[in-house]
Structure formats: C-alpha cells, structure tokens
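Observations on the three-dimensional arrangement
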Amino acid sequence: MEKRKLIIDCDPGVDDALMLAYAAAHRDEFDILAVTTVSGNQDIEKVTRNALDLLSFYGMDVPVAKGMGEPLVKKSQYAPETHGESGLGACVLPRSSGNPVDENAVLFIRRILMGLKEGEKADIAATGPLTNIALVLKLFPEVKEKIREILFMGGSLSGGNVTEAAEFNFYTDPEAAKIVLHAGVPLIMCGLDVTEKCTLTRGQILKLCQSGHPVARVCGDMAGFSLENTSDKYRGETSMHDVAPLMYMTHPEIFKGGFHILDADCSEGPARGAVLGGFRWWRNEETEANVFALTDADTAKFQEYLIAALYSVGGAADPSGL
Ligand code: RIB
Ligand code: CA
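Computed from a predicted model, the values in this text were never measured in an experiment. (Residues numbered from 1 in each chain as written. Chains lettered and ligands numbered in written order. Predicted model: local features only at pLDDT ≥ 70, side-chain atom pairs only at ≥ 80, totals over all residues. Heavy atoms only, no water.)

1. So, the packing of helix α9 (residues 202-209) against helix α13 (residues 299-312)
- Two elements in contact, α9 and α13, have axes separated by 12 Å at closest approach and are oriented at 10°. Comparing the axis directions of α9 and α13 gives the class roughly parallel. Across the interface between the two elements, Q204, K207 and L208 of α9 pack against Q303, I307, L310 and Y311 of α13.
- Here the residues of the contact of α9 with α13 sort into four nonpolar, two polar and one charged. (Axes fitted to C-alpha atoms, helices over the stretch in contact; angles between N-to-C directions. Helix = DSSP H or I, 4+ residues; strand = E, 2+ residues; numbered from the N terminus. Parallel < 35°, antiparallel > 145°, perpendicular 65-115°, else oblique. Contact = heavy atoms within 4.5 Å. Nonpolar A, V, L, I, M, F, W, Y, C, P; charged D, E, K, R; others polar.)

2. Thoughts on the packing of aromatic side chains
- As enumerated under the stated definition, the model contains five aromatic pairs in all.
- Between Y248 and F255, the ring centres sit 5.8 Å apart and the planes meet at 75°, which makes this aromatic pair edge-to-face. Here Y248 and F255 have matching classes, each one buried.
- Between the aromatic rings of F259 and F292, the centroid separation amounts to 5.1 Å while the plane-to-plane angle is 75°, which identifies the pairing as edge-to-face. (Phe/Tyr/Trp six-rings, centres within 6.5 Å; stacked < 30°, edge-to-face > 60°. Buried < 20%, exposed > 50% of the residue type's maximum accessible area, 1.4 Å probe, protein only.)

3. Observations concerning the coordination of the calcium ion (ligand 2)
- Looking at the calcium ion (ligand 2), one finds its protein donor set to be D11 (OD), D16 (OD), D16 (OD), T127 (O) and D242 (OD), positioned 2.2 to 2.6 Å from the metal centre.
- Mapped onto the polypeptide sequence, the residues donating to the calcium ion (ligand 2) form the spacing pattern D-x4-D-x110-T-x114-D. A residue pair is termed long-range when its members are at least 10 positions apart, and D11 in the loop between β1 (4-10) and α1 (14-25) and D242 in the loop between β8 (237-239) and α12 (243-250) qualify at 231 residues. (Donors = N, O, S within 2.8 Å, 3.2 Å for Na, K, Ca; no water.)

4. Concerning the site of ligand 1
- Neighbouring residues of ligand 1: 13 residues in total, closest D15, T127, N161, E167 and D242.
- D11 has a polar side-chain atom sitting 3.1 Å from an oxygen atom of ligand 1.
- One nitrogen or oxygen atom from the side chain of N169 is found 3.0 Å from an oxygen atom belonging to ligand 1.
- The protein chains hide 97% of the 270 Å² of surface that ligand 1 would expose on its own.
- Among the secondary structure elements, those contributing two or more residues to the shell around ligand 1 are α1 and α6 (168-172).
- For the shell around ligand 1, the class distribution of residues is two nonpolar, six polar and five charged. (Near = heavy atom within 4 Å. Polar contact = N/O pair within 3.5 Å; in protein donor to acceptor, adjacent residues only side chain to side chain. Areas by Shrake-Rupley, 256 points an atom, 1.4 Å probe, with all protein chains shown as cover.)

5. Looking at α13
- With 14 residues, α13 should reach 20 Å at 1.5 Å per residue; the first-to-last C-alpha distance of 20 Å fits that figure.
- Three or more residues of α13 are buried, namely F302, Q303, Y305, L306, I307, A309 and L310.
- On its buried side, α13 packs onto α1, β7 (199-201), α9, α10 (214-228), β8 and α12. (Expected span 1.5 Å × (residues − 1).)

6. Observations regarding the pattern of salt bridges
- The full count for this structure, using the stated rule, is 18 salt bridges.
- For K5, the salt bridge identified is with D31, shortest N-O distance 3.2 Å. With K5 in strand β1 and D31 in strand β2 (residues 30-37), this residue pair connects regions lying 26 residues apart in the sequence.
- Of the residues examined, K5 reaches a relative accessible area of 16% and is grouped as buried. (Salt bridge = Lys/Arg side-chain N within 4 Å of Asp/Glu carboxyl O.)

7. Observations concerning the nonpolar core
- Counting residues in each nonpolar core, the largest one holds 63 residues, and the members touching the most others are I8, L18, V35, Y58, M222 and L306.
- The biggest single contributor to this core is α1, with 10 residues.
- Dropping the residues within four chain positions of it, M222 is found in contact with V14, A17, L18, L54, Y58, L88 and C91.
- Grouped together as the second largest cluster of nonpolar side chains are 39 residues, L33, L137, I147 and L262 included. (Core = buried A, V, L, I, M, F, W, Y, C linked by side-chain atoms within 4.5 Å.)

8. Some remarks on the sheet that holds strand β3 (residues 64-66)
- The strand order across the open sheet formed by nine strands is β3-β2-β1-β4-β5-β6-β11-β9-β10, and the pairing between neighbours is mixed. Each of the sheet's edge strands pairs with one partner strand only, and the pair in question is β3 and β10 (275-278). Along the sheet, successive strands turn relative to each other by an average axial angle of 30°, direction set aside.
- Of the strand pairs in this sheet, strand β4 (residues 122-126) and strand β5 (residues 147-153) are connected by four bridges, and their pairing is parallel. Paired with A125 across the bridge in β5 is L151.
- The sheet contacts of helix α4 (residues 105-114) involve β1, β2, β3, β4 and β5, and relative to β2 the element is tilted by about 160°.
- Along the sheet, helix α7 (residues 174-181) makes contact with β5, β6 (187-190) and β9 (255-264), crossing β9 at roughly 110°. (Pairing = 2+ DSSP bridges.)

What follows is the structure, encoded as structure tokens:
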C-alpha cells in the first residue's frame with residue numbers, strides 16, 4: 001500500500017517526543033516529508049534543537065524546519081512544569097550534528113506541498129500551537145488543494161488544561177486555531193476529550209524506564225517527568241496527547257468521534273482559547289461541519305500500540321548514560 005505523505009508540525013515537548021518515536025516506528029506507513037517546529041512547550045530554539053536530537057536518536061533522516069517563535073497575537077507561555085526547562089523533561093540526548101533547513105517552516109511547508117506531483121496530496125499532523133499552519137493557509141491558500149487532511153492535537157469540548165476553558169495549544173494561539181478551523185480543509189481534531197484517554201500508567205512508565213532498549217527507556221524517562229511533575233502524579237497516569245493524531249492514522253478503529261461545527265474563542269476574557277460550538281442533528285447537517293472531533297479511545301489498545309512502537313524503534317546506538 002502506498003505510504004501516506006506526512007508533514008509533522010510540533011513543539012517537542014515530551015508527548016511530541018513520543019509522537020515522533022511513534023512516527024519512527026511506522027515508517028512503512030508514513031512518508032515523512034518534514035518535521036517543522038513551533039514555539040509552544042518551550043521556546044523555538046529549544047523545540048527545534050529537541051526535534052533535531054530526537055530524529056537523530058530515532059534514526060530518522062527527515063528535514064527539520066524552524067517555525068514561528070511567537071503566536072500570532074500574544075506572547076508565548078511555555079510549559080516547563082510538564083516538559084522541563086529543556087522541553088524533554090530531565091533527558092539529555094546526544095546532540096545531533098544536523099541543522100534546520102535555511103527556510104522558515106511556513107515557507108518550507110508551502111514548498112513541499114506545492115512540489116507534490118499533480119494529484120498528490122499530503123497530510124499534516126500538528127501537535128503544537130497552530131501558528132505555522134495558520135500562516136501557511138492564510139499566506140498561500142493555493143496549498144489547500146494539496147492537503148488531504150490536517151490532524152491536530154488541540155482544543156477540548158469539555159474544559160481546558162491550562163484554564164478552565166482552554167487547552168494549551170488553543171490557549172497559546174487561539175487566533176491561529178480560528179484560522180485553521182475556518183480554512184475549509186478537512187480537519188481531524190484530537191482534543192482533550194480523547195487525549196485524556198490516551199495515557200501511559202505509572203507502572204508502564206516504570207517498566208519502560210527499566211528497559212534495556214534505549215528508545216523505550218528514554219521515552220519512559222520523559223513520560224515519567226510529566227507524570228511526576230504535574231497533578232498526573234495523583235492520577236497515576238499521564239496523557240501522551242500528541243500520539244493520538246498519528247495513532248488515528250494507523251489504528252482509526254480504536255477511536256470514536258463525530259462531526260462538529262466549531263470555532264475558537266479569541267476574546268480577552270476567561271474563555272480565551274475555548275472551543276465554541278457543537279452539533280445538533282435536528283438543526284445542523286453534517287455537510288455544514290468543519291471538523292471531525294475525536295471524543296473517545298480504547299485506552300488499553302492505545303497503550304499496547306504505543307509501547308510496542310517504542311520497543312520497535314531501532315534508533316541510534318545506545319548513548320552512554322541514558
Ligand atoms: O494540551 C496538550 C498539548 O499541549 C500537547 O500538544 C502538549 O505537547 C502541549 O503542547
Ligand atoms: Ca505538543
């Protein structure tokens with residue numbers, strides 16, 4: 001079966017790091033055209049450094065392009081409590097000798113999409129604030145015919161994780177989320193409703209940390225940082241939010257969702273970054289929907305597929321000390 005062409009836009013970030021490991025484990029299904037970075041969990045320099053080091057550690061030869069260092073309107077608000085000062089918890093990966101391409105991610109994404117053959121399309125998986133994706137769509141609308149669908153981790157239909165109303169990626173750049181929601185491109189939303197069922201337990205993380213497999217051990221270590229440094233320590237499990245969009249591409253059968261008509265709240269008040277809207281069968285037609293929002297996942301299957309993926313990534317030689 002032909003590989004799905006895929007551009008990954010991310011802000012690594014612990015769960016972004018496990019998402020990239022999942023991508024590395026599925027190179028027989030994904031033709032990863034680029035990894036682009038956006039300011040979010042940490043500043044643009046750190047998340048770009050992390051992307052380069054992670055791809056090298058996973059043994060992935062994929063171009064990296066550095067994207068926007070700030071959201072469209074407001075200032076960045078990083079998440080060191082969840083991802084650490086470096087963005088990868090307490091992990092120190094071997095430093096990749098690679099560098100990002102010379103072109104900003106926004107221009108690089110456009111170049112890749114417009115360089116696809118006649119009739120070819122690519123998917124975009126976005127697991128950070130949607131700043132880069134919004135700019136590509138706004139500046140270069142011609143790319144829309146080259147995008148099969150955008151699968152993004154962001155938003156929530158049932159309350160936030162940064163404020164009562166807003167999930168982190170939407171809270172960081174709600175204006176970008178609004179642009180993407182109204183761009184007219186097929187959208188798959190992986191909001192907190194589904195990603196809070198996409199977890200690893202403390203026991204699973206502990207076992208990964210004790211593994212002799214370098215990628216499994218490093219990913220366990222990173223996930224353990226998020227677990228023990230947030231309120232997830234009381235929960236005994238922590239969400240690997242950003243794996244959801246990619247696992248939906250490989251195992252859609254473990255997810256449930258529905259069509260919605262959604263918007264992003266860009267007000268200055270307590271609802272900033274909230275997802276607005278829904279779907280009422282007696283008032284709305286599915287043809288009016290602008291997004292298919294995932295709302296449930298089989299957690300046991302998610303854990304099985306993610307853990308298996310981590311152990312299947314060959315990656316670089318076991319760096320000493322990891
Ligand atoms: O709310 C979870 C999202 O915010 C994830 O993408 C995580 O990496 C952070 O960016
Ligand atoms: Ca992320």
